[in-house]
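The primary structure of each chain is shown beneath.
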Amino acid sequence: MTFRAKLIFSTAVLALAAGTARADDDSVEVLHWWTAGGEAAALNVLKEDLEAQGIGWQDMPVAGGGGAEAMTVLRARVTSGDAPTAVQMLGFDILDWANQGALANLNDLAEQEAWDEVIPAAIQEFAKVDGKWVAAPVNVHSTNWVWANKSVLDAHGIAVPANWEELTAAVEALSAAGVTPIAHGGQPWQDATVFEAVLLSTGGSDFYKAAMIDLDPEALGSETMGEVFKRMDFIRAHVDENFSGRDWNLATAMVINGEAGFQMMGDWAKGEFLRAGQVPGQDFLCFRFPGTADKVTFNADQFAMFDQGGTVSPQQAALAQAVLSPKFQSAFNVVKGSVPARTDVSDADFDDCAKQGMKDVAAAAASGDLMGSLAHGYGAPASVKNAIFDVVTAHFNGEFDSESAVDELVDAVAIAQ
Ligand code: BGC
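The structure displayed is predicted, hence computed values, not measured ones.

Scoring rules and cut-offs
Residues numbered from 1 in each chain as written. Predicted model: local features only at pLDDT ≥ 70, side-chain atom pairs only at ≥ 80, totals over all residues. Heavy atoms only, no water. Axes fitted to C-alpha atoms, helices over the stretch in contact; angles between N-to-C directions. Helix = DSSP H or I, 4+ residues; strand = E, 2+ residues; numbered from the N terminus. Parallel < 35°, antiparallel > 145°, perpendicular 65-115°, else oblique. Left-handed = near helix turned anticlockwise from the far one by under 90°. Contact = heavy atoms within 4.5 Å. Nonpolar A, V, L, I, M, F, W, Y, C, P; charged D, E, K, R; others polar. Near = heavy atom within 4 Å. Polar contact = N/O pair within 3.5 Å; in protein donor to acceptor, adjacent residues only side chain to side chain. Areas by Shrake-Rupley, 256 points an atom, 1.4 Å probe, with all protein chains shown as cover. Domains from an automatic or database assignment. Phe/Tyr/Trp six-rings, centres within 6.5 Å; stacked < 30°, edge-to-face > 60°. Buried < 20%, exposed > 50% of the residue type's maximum accessible area, 1.4 Å probe, protein only. Pairing = 2+ DSSP bridges. Disulfide = S-S within 2.5 Å. Buried area = accessible area lost by both parts, 1.4 Å probe. Salt bridge = Lys/Arg side-chain N within 4 Å of Asp/Glu carboxyl O.

A.B. asks: Is there a simple way to explain the packing of helix α2 (residues 37–52) against helix α15 (residues 314–324) in this structure?
C.D. replies: Axes are the key here: two packed helices are described by the angle between their axes and the distance separating the axes. Orientation of α2 relative to α15, taken along the N-to-C sense of each, is 125°, at an axis distance of 10 Å. Of the possible angle classes, the one that applies to α2 and α15 is oblique. The hand of the α2/α15 crossing is right-handed. Where α2 abuts α15, its residues L46, D49 and L50 lie against A318, L319, A322 and V323. The class makeup of the residues in the contact of α2 with α15 is six nonpolar, no polar and one charged.

A.B. asks: Just checking my understanding: could you explain the site of the ligand for this structure?
C.D. replies: As a matter of local geometry, the ligand sits amid 14 residues, with E39, N299, D301, K336 and H376 nearest to it. Here E39 contributes a side-chain N or O atom positioned 2.4 Å from an oxygen atom of the ligand. Contact between the ligand and H376: an oxygen atom at 2.8 Å from a side-chain N or O atom of the residue. Contact with the protein chains covers 100% of the free accessible surface of the ligand, which is 310 Å². Residue composition of the shell around the ligand, by class: five nonpolar, six polar and three charged. When residues of the shell around the ligand are assigned to domains, at least three map to each of domain 1 (3–141 + 300–361) and domain 2 (142–297 + 370–416).

A.B. asks: Sorry if this is basic, but what is going on with the packing of aromatic side chains here?
C.D. replies: Two measures describe an aromatic ring pair: the distance that separates the ring centres and the angle between the ring planes. Throughout the structure, instances matching the rule amount to 18 aromatic pairs. Look at W147 and F284: their rings are 6.3 Å apart centre to centre, the planes differ by 45°, and that puts the pair in the tilted class. In this pair, W147 is assigned in strand β8 (residues 145–149) and F284 in strand β11 (residues 284–288), connecting sequence segments 137 residues apart. Both residues of the pair, W147 and F284, belong to the buried class. On the basis of an interplanar angle of 20° and a centroid distance of 6.5 Å, the ring pair of W164 and F289 is categorised as stacked. With W164 in helix α9 (residues 164–176) and F289 in the loop between β11 and β12 (296–299), this pair connects stretches of sequence that are 125 residues apart. By relative accessible area, which is 1% here, F289 ends up buried.

A.B. asks: Explain the sheet that holds strand β3 (residues 86–89) here, please?
C.D. replies: Two strands in a sheet stick together by hydrogen bonds in their backbones, pointing the same way (parallel) or opposite ways (antiparallel). Pairing is mixed in the open sheet, where five strands are placed in the order β2-β1-β3-β13-β6. Only two strands of the sheet have a single partner each, and these edge strands are β2 (56–61) and β6 (135–137). Strand-to-strand twist in this sheet, taken as the mean axis angle between neighbours without regard to direction, amounts to 25°. In terms of strand pairing, β3 meets strand β13 (residues 302–305) through four bridges, oriented antiparallel. Within β13, the position partnered with Q88 by the bridge is F303. Its contacts with the sheet place helix α3 (residues 68–79) against β1 (27–32), β2 and β3, and it is angled at close to 145° to β3.

A.B. asks: It is not clear to me how the state of the cysteines should be interpreted in this structure. Could you clarify?
C.D. replies: One covalent bond between the sulfur atoms of two cysteine residues makes up a disulfide. Per the counting criterion, the structure on display carries one disulfide. C286 shares a disulfide with C353; S-S distance 2.2 Å. Residues C286 and C353 are joined by a disulfide whose S-S torsion is about -105°; by sign, that bridge is left-handed. Taken as a pair, C286 in strand β11 and C353 in helix α17 (residues 352–367) lie far apart in primary sequence, 67 residues in all.

A.B. asks: I keep staring at the domain arrangement of the protein and nothing clicks. Help me out?
C.D. replies: Interfaces are often described in size by the accessible area the parts lose on coming together. Split by domain assignment, the protein resolves into domain 1 (3–141 + 300–361) and domain 2 (142–297 + 370–416). Taking only C-alpha atoms, the centre of domain 1 and the centre of domain 2 are 28 Å apart. Contacts between the two partners involve 30 residues from domain 1, matched on the other side by 28 residues from domain 2. Counting the surface lost from both domain 1 and domain 2, the interface buries some 2300 Å², and carbon and sulfur atoms represent 61% of this. The largest share of the area that domain 1 buries against domain 2 comes from F92, H141 and C353, three residues that together contribute 26% of it. Counting across the interface, domain 1 meets domain 2 through two salt bridges. As a salt-bridge pair, K270 and D351 come within 3.0 Å of each other at their nearest N and O atoms. Our count for the domain 1 to domain 2 interface comes out at 11 residue pairs in polar contact (both at pLDDT 80 or more).

A.B. asks: Would you mind going over the pairing of β12 with me for this structure?
C.D. replies: Moving residue by residue along a regular strand, the side chains alternate between the two faces of the sheet. Neither face of β12 is open: one carries V296 and F298, the other T297 and N299, and all of them are buried. With two bridges connecting them, strand β7 (residues 139–142) and β12 associate as antiparallel partners. For H141, the partnering residue across the bridge sits in β12 and is N299. Direction of pairing for β12 relative to strand β15 (residues 370–372): parallel, over a ladder of three bridges. Among the inter-strand pairings, F298 is bridged to a residue of β15, identified as G372.

Take a look at the structure:
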């Protein structure tokens, strides 16, 4: 039996056993990892949109930033023949499921709505497989941002740092004043989110592409990579002692509450500041990781639709159509912290951070500096991504010095491919 046939067969068995047919159900079951305050608020925009169309929402939240836990639950659900209707998914995971024949073909809708014309090529590469649209892009996040508490910076006479040297000076000044300089959550995906920003700042776009996308052993094993790990040592030395295992939104809360100066995190962090009633430029500052102005490492959240029997169900089509509508792309992303996945959405309702984000993404796409985030599934397949996470986290926790980390990285990536 092919994968799809197995899926249809087992779904049918389950439906019979439950005495209901899934296709008659007027709701969508959505598996996602949007469980933090700002994320849940953004998700509500989508739930309400669908409810207004008479489509019910079966929520399947799986907590865990970056989505590793959600992907584990997804595998278990598919293996037991009970795939959710729609799944929040990133980059290479979408390609993997599509290549296994598990995803529905959204081409009819995509043609009708001209997705080809409004979605940037960099995202289409991860939303279309063999000419078929298999996922509906919701947004574009970028990972190379820093979030700062404005009063903390002002109180210590610190200006927005423009390069690594200015960043280290700012961090040391906060440290000397007894303030936690960097709010961080020690989880592999968060360590890797910081690592890729440091890497881009240290080596530039070509180095990022060679190491994190082309997986070139020379770049991975280079002196520049040694410097990247040394810079990670500096960051490790300036987080508070309770960093281990902390969720990303709790690290954001430290900056919101003035307990820390900076957080290096993707722009979903902005959703938390907004939820706390804070205003960019007044209460908090957003700026590109020092040394990465004009460059963007992106990750786009998408909804992949699992094939429920050959055709796209009306509920799946309604969900996909809703997320791609220009009105929704604005309303959702204003709350989420991301920018629209469509290129034709007005920035009128967005705040200054997002306005800058939209300009940055467009400019980076034009200059060849728009690159997939490794930490969020757009650099390399999951096996390689996880191998890199292991090395970065082990080094961050003191298991390797920076020189051995370089060797470990080269080996880990070679083995994982
Ligand atoms: C997702 C974001 C999410 C973040 C933290 C990222 O991988 O793209 O939508 O807010 O993880 O959970």
